[in-house]
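# Topology and contacts: notes
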Amino acid sequence: AMDAARGELSRKAKLEGKRRQMHELIRANDAVLLSFAESLMKDAGIHCFIADQGMSVLEGSLGMLPRRLLVDEEMADQARRILIDAGLGDELRDMT
């Protein structure tokens, strides 16, 4: 039984190690801008995620809480170029 438990633990550890490093590219209140950026990422086959959507729903439609467009760390440079080419350069977060 110990071996089975140990095997399960090492499988979990491997999965944990695969957890994506995400990089924030855009922080905005503009839902249209975010969905446009998200569709550009999907068209390019870049995994992305809009964070804080739930918070925006909780605060109502005032749009005061910004949402964040996150992409895989290793795809951040490519994603950044796509957004700049689409005219969204001014919306990008700093490289920090």
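Model, not experiment: these values are computed from the prediction. (Residues numbered from 1 in each chain as written. Predicted model: local features only at pLDDT ≥ 70, side-chain atom pairs only at ≥ 80, totals over all residues. Heavy atoms only, no water.)

What follows is about the nonpolar core. With 18 residues, the main nonpolar core has L25, I26, M41, L69, V71 and L83 as its most contacted residues. Among the elements of the structure, β1 (22-28), α2 (31-43), β2 (48-51), β3 (67-72) and α4 (76-85) are those that each provide at least two residues to this core. Counting residues per element, this core draws most heavily on α2, at 5 residues. Once you skip the residues sitting within four places of it in the chain, L83 turns out to touch L25, I26, A37, L40, M41, L69, L88, G89 and L92. (Core = buried A, V, L, I, M, F, W, Y, C linked by side-chain atoms within 4.5 Å. Buried < 20%, exposed > 50% of the residue type's maximum accessible area, 1.4 Å probe, protein only. Helix = DSSP H or I, 4+ residues; strand = E, 2+ residues; numbered from the N terminus. Contact = heavy atoms within 4.5 Å.)

Before going further, it helps to spend a moment on the confidence of the model for the chain. Chain-level pLDDT for the chain is 81 on average; 67% of the residues reach the 70-or-more range. Considering each helix and strand of the chain separately, the mean pLDDT is smallest for helix α1 (residues 2-17), with a value of 56, and largest for α4, with 97. (pLDDT = per-residue confidence, 0-100.)

The next subject is the pattern of salt bridges. Across all of its chains, the model carries 5 salt bridges by this definition. Here the salt bridges share partners, and the residues they tie into one network are E24, R27, D52, R68 and R93. (Salt bridge = Lys/Arg side-chain N within 4 Å of Asp/Glu carboxyl O.)

Time to look at α4. Given 3.6 residues per turn, any residue in an α-helix points the same way as the ones three and four places further on. Listed as buried for α4 are A76, A79, R80 and L83. Seen end-on, α4 carries its buried residues on one side only, within an arc spanning 100°. In α4, the exposed residues that point more than 90 degrees away from the buried face are R81 and D85. (Arc of directions from axis to C-beta.)

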